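Take a look at the letters that make up each chain.
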2 protein chains.
Amino acid sequence: MKWYEQQGKQGDVVISSRIRLARNLKDFPFASKMSQSQAKEVLQKVKAAAKPLGLTYLSMEAMPPVNRQMLMERHIISPEMLGAVDTKAVLISEDEKISVMVNEEDHLRIQSMMPGLGLQEALKSANHVDDVLEKSLDYGFHPQYGYTTCCPTNTGTGLRASCMLHLPALTANGFIHTLLASVGKLGFTIRGVYGEGTKALGNLYQISNQITLGISEEETIKRLVELVLMVGDKERKMRQNILAEQKSRITDMVMRSLGTLKNAYILSSDEAFKLISDVRLGINMGIIKDVDITDINRLSYEVGAAHIASLCGEDGESAEKRDIMRAKLAREKLSLKG
Amino acid sequence: MKWYEQQGKQGDVVISSRIRLARNLKDFPFASKMSQSQAKEVLQKVKAAAKPLGLTYLSMEAMPPVNRQMLMERHIISPEMLGAVDTKAVLISEDEKISVMVNEEDHLRIQSMMPGLGLQEALKSANHVDDVLEKSLDYGFHPQYGYTTCCPTNTGTGLRASCMLHLPALTANGFIHTLLASVGKLGFTIRGVYGEGTKALGNLYQISNQITLGISEEETIKRLVELVLMVGDKERKMRQNILAEQKSRITDMVMRSLGTLKNAYILSSDEAFKLISDVRLGINMGIIKDVDITDINRLSYEVGAAHIASLCGEDGESAEKRDIMRAKLAREKLSLKG
């Protein structure tokens, strides 16, 4: 079972938590300055060091381009991994909770995902991977500044902790603007996961720490959890207000979106994200009762352009055929569940 | 079973056929010139004459206003029947095929409805009512000009024959404009059943004869049937073109409308007419297979404002509550059928 097929804490607002640790090998130049042979040496060293973890090693070069896109849509790899593929690889656990990108911006990017609000668990699991790798690898580490990283914004803990939040009510009432403007002062940043700024497609936002120097991993996560809980409370209160004041309107909106998702024959990814957001809200507000939230979690990945293209096979190049396949997938996934 | 719960000939395009005969009693002034006591005398005479027909006699005055509106929505009475209700009545058969308005513009308006293309049958059945009534009533009749009527446009046969057609494809491709402009020359008229002209709500059009003088009932109907068959063929050809060239798009459109009709919580009558038109098209094009056309026929009456107001009881005054009730009705009627 993949991590996104599980329901996590605070799952009505928090879709997922992610920990990313940036690490570099002290005997090699940073990834951007390495020769190809050095890069391949790093690949081999990491592959050997990761053996005890039982991860699957995937060379980016050996992978069909559509599969790379799929990994990106599932947030397992970053866009940087799509270039200079002959020097890059990713190691992944069966449940996709753990992934290690090799020769991205840093030599190592250790990632751990958890459903819902699970930053502590994700950190624990990333730390375990880090510890195992460190047994065989020599990390660049400065006694005063901490882990060395290619970009100075990561130096220190090398930690990026983030949560993906579903904030349809705060988006609808405009409070999201205040939030976007204010979290920076607290050392955090918030941005749309798809699309730009407040035009977040599917009302999904990622909130993450900006500071990695002069603060411990534990303190970073403690503050992020506090912020996420505060935002979650605000979102929930606003949902309750909507339910109290505009129950028919919101019921109409989410049920129409469910009806469209269950019946459409052509579905763009933009529309799919919007409909999925509405249905997710409907489930979490108790309006939609016969759809399982984990089906919606899974569907939100499965409707991505690369996932659909891979289902289409040879027809994957045609946007029209992808839109028809996307609609078919949504119908099938939802009709089984009422 | 009401007539609109049955499927008629050419039912994929022709919703219904209607015959209306205008008759006046020669010993009374026209309805607009009668005293109240004369009008009441006409009511009594007609009621007595109609006895052998086994129709239900409904005094307009005794009827709650919402019920009058419902009869109008089902095309059993005309808007004129809503004024000066103390002098008006309607006689109706159980299946609502036959109705006789008394003291509308003419003393008698005998109507006969049939599902699909059934003008001959409707004429036969109207003639039967006419014959029975004539046994006890003295009609105004001129040996040269035929039946006398209040408005000279009805003088002669007193016949108005009409068909209600569903023309979504001809509306979409704009051919409806040519049709609207050309049928006048043939002595017919075509207009939107709801809304005005080409802005026909729900793509429903009524086509009827304009000429009542110098042409027999049989000839009028023969020509109207020819015209309806010609229009029906054009509509069908256009539907086939759409299916051949834009199958995904049309499937997407009708399935989304079905999804909305099955799931919405707020539904205006305008939107309901549009959705019902799409679903009707989907059924008749073979795209929608699990919805029965007679359910759609019934629903198209049941979503009318007065029918919904009557279901709402005390809440019937509020447009918002009617829209919620309309959506509930559509969900219930369609969810039972898959």
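The rules behind the values
- Residues numbered from 1 in each chain as written.
- Chains lettered and ligands numbered in written order.
- Predicted model: local features only at pLDDT ≥ 70, side-chain atom pairs only at ≥ 80, totals over all residues.
- Heavy atoms only, no water.
- Axes fitted to C-alpha atoms, helices over the stretch in contact; angles between N-to-C directions.
- Helix = DSSP H or I, 4+ residues; strand = E, 2+ residues; numbered from the N terminus.
- Parallel < 35°, antiparallel > 145°, perpendicular 65-115°, else oblique.
- Left-handed = near helix turned anticlockwise from the far one by under 90°.
- Contact = heavy atoms within 4.5 Å.
- Nonpolar A, V, L, I, M, F, W, Y, C, P; charged D, E, K, R; others polar.
- Pairing = 2+ DSSP bridges.
- Least-squares fit on C-alpha atoms with pLDDT ≥ 70 in both.
- Buried < 20%, exposed > 50% of the residue type's maximum accessible area, 1.4 Å probe, protein only.
- Domains from an automatic or database assignment.
- Buried area = accessible area lost by both parts, 1.4 Å probe.
- Salt bridge = Lys/Arg side-chain N within 4 Å of Asp/Glu carboxyl O.
- Polar contact = N/O pair within 3.5 Å; in protein donor to acceptor, adjacent residues only side chain to side chain.
- Phe/Tyr/Trp six-rings, centres within 6.5 Å; stacked < 30°, edge-to-face > 60°.

To characterise two packed helices, one gives the angle between the axes of the helices and the distance between these axes. Residue and element names in this part refer to chain A. The interhelical angle for the contact between helix 7 (residues 247–263) and helix 8 (residues 269–284), taken along N-to-C directions, is 130°, at an axis separation of 8 Å. Judged on the interaxial angle alone, helix 8 and helix 7 are oblique. In the packing of helix 7 onto helix 8, the handedness of the crossing is left-handed. Contacts from Ile250, Met253, Val254, Ser257, Leu258, Thr260 and Leu261 in helix 7 reach Glu271, Lys274, Leu275, Ile276, Asp278, Val279, Leu281 and Gly282 in helix 8. Of the residues in the contact of helix 7 with helix 8, the class split is nine nonpolar, three polar and three charged.

Another aspect to go through is the sheet that holds strand 8 (residues 159–166) of chain A. Hydrogen bonds between backbone atoms are what pair the strands of a sheet, whose relative direction is either parallel or antiparallel. Residues and elements named next belong to chain A. One open sheet accounts for eight strands, arranged 2-3-4-5-1-8-10-9; its pairing is antiparallel. A strand with exactly one partner marks an edge of an open sheet, and here the two such strands are strand 2 (56–59) and strand 9 (188–192). Ignoring strand direction, the axes of neighbouring strands in this sheet form an average angle of 20°. Judged from the five bridges that link them, strand 4 (residues 98–102) and strand 5 (residues 108–115) form a sheet pairing that is antiparallel. Bridging across to strand 5, Ser99 finds its partner in Gln111. The sheet contacts of helix 1 (residues 36–49) involve strand 2, strand 3 (89–92), strand 4 and strand 5, and relative to strand 4 the element is tilted by about 155°.

What follows is about the relation of the copies chain A and chain B. Once chain A is rotated about the relating axis by 180° and shifted along it by 0.0 Å, it coincides with chain B to within an RMSD of 0.0 Å. Each copy turns onto its partner about a two-fold axis. Relative to the rotation axis, the closest C-alpha in chain A is found at A:Gly259, a distance of 2.2 Å. Most of the interface of chain A is mirrored in chain B, where 100% of its interface residues are also at the interface.

The subject of this paragraph is the pairing of strand 8 of chain A. Residue and element names in this part refer to chain A. Most of strand 8 is tucked away, with eight of its eight residues classed as buried. Every second residue of strand 8 is oriented toward a common face, with Leu159, Ala161, Cys163 and Leu165 on one face and Arg160, Ser162, Met164 and His166 on the other, all of them buried. Sheet topology places strand 1 (residues 14–23) next to strand 8; seven bridges connect them, and they run antiparallel. Within the sheet, the bridge partner assigned to Val14 lies in strand 8 and is Leu165.

With that settled, consider the sheet that holds strand 8 (residues 159–166) of chain B. All names here are of chain B. In space, the eight strands of this open sheet follow the order 2-3-4-5-1-8-10-9, with antiparallel pairing throughout. The strands lining the two open edges of the sheet, one partner per strand, are strand 2 (56–59) and strand 9 (188–192). Neighbour to neighbour, the strand axes of the sheet diverge by 20° on average, direction disregarded.

So, on to the domain arrangement of chain A. All names here are of chain A. Examined at the domain level, chain A breaks down into domain 1 (3–237) and domain 2 (247–333). Contacts between domain 1 and domain 2 engage 20 residues on the former and 17 residues on the latter. Between domain 1 and domain 2 lies a buried interface of about 1800 Å² when both sides are counted; carbon and sulfur atoms form 64% of it. Where domain 1 touches domain 2, the interface holds zero salt bridges. For the pair domain 1 and domain 2, the number of links is eight residue pairs in polar contact (both at pLDDT 80 or more). In terms of residues, the side of domain 1 that touches domain 2 owes the most to one element, helix 2 (residues 65–73), which gives four residues.

Residues and elements named next belong to chain A. The buried fraction of strand 5 amounts to eight of the eight residues, a majority that puts the element mostly inside the structure. Alternating positions in strand 5 separate into two faces, Leu108, Ile110, Ser112 and Met114 on one and Arg109, Gln111, Met113 and Pro115 on the other, with burial throughout. Of the pairings in the sheet, the one linking strand 1 to strand 5 comprises eight bridges and is antiparallel in character. Paired with Leu21 across the strands is Ile110, a residue of strand 5. Once strand 4 ends, the chain turns through five residues before running back antiparallel as strand 5, passing Asn103 with a positive phi of about 65°.

This next bit is on the packing of aromatic side chains. Residue and element names in this part refer to chain A. Throughout the structure, instances matching the rule amount to four aromatic pairs over all chains. Here the aromatic rings of Tyr139 and Tyr147 are separated by 6.1 Å at their centres, their planes lie at 75°, and the arrangement is edge-to-face. One exposure class covers both Tyr139 and Tyr147, and it is buried. Aromatic ring contacts, followed pair by pair, group Tyr139, Phe141 and Tyr147 into a single cluster.

Tallying the contact residues gives 15 residues for chain A and 15 residues for chain B. Of the roughly 1400 Å² buried between chain A and chain B, counting both surfaces, carbon and sulfur atoms make up 59%. A per-residue breakdown of the area chain A buries against chain B is headed by A:Arg256, A:Asn263 and A:Tyr265, which together make up 39% of the total. Along the contact surface separating chain A from chain B lie two salt bridges. Across the pair B:Glu271 and A:Arg256 runs a salt bridge, and its minimum N-O distance is 2.8 Å. Counting across the chain A and chain B interface gives eight residue pairs in polar contact (both at pLDDT 80 or more). Top element by residues in the side of chain A that touches chain B is helix 7 of chain A. It accounts for nine residues. For the side of chain A that touches chain B, the residue count by class is six nonpolar, five polar and four charged.

Attention now goes to helix 2 (residues 65–73) of chain B. At 3.6 residues per turn, the α-helix brings residues three or four places apart onto the same side. All names here are of chain B. Along helix 2, the residues classified as buried are Arg68, Met70, Leu71 and Glu73. Of the surrounding secondary structure, the elements contacted by the buried residues of helix 2 are strand 2, strand 3 (89–92), helix 9 (293–302) and helix 10 (305–312). Trailing helix 2 by a residue or two, His75 shows a phi angle of about 60°, which is positive.

What follows is about the environment of B:Gly54. In this structure, B:Gly54 sits in the loop between helix 1 (36–50) and strand 2. Residues B:Gly54 and B:Ile266, 212 residues apart in the sequence, show an inter-C-alpha distance of 41 Å.

Time to look at the pattern of salt bridges. Residues and elements named next belong to chain A. Scanning all chains against the criterion turns up 38 salt bridges over all chains. Salt-bridge contacts for Arg109 lead to Glu105; the nearest nitrogen and oxygen are separated by 3.3 Å. On the basis of relative accessible area, Arg109 is assigned to the buried category, the value being 7%. For Glu105, a relative accessible area of 26% puts it in the partly exposed group. The residue Asp278 makes a salt bridge to Lys274 at a minimum N-O spacing of 2.6 Å. Of this pair, Asp278 and Lys274 both sit in helix 8, separated by four residues, roughly a single helical turn. In this structure Asp278 comes out as buried when scored by relative accessible area, which is 6%. A relative accessible area of 42% means that Lys274 is categorised as partly exposed. One continuous salt-bridge network, built from bridges that share partners, spans Glu104, Glu105, Asp106 and Arg109.

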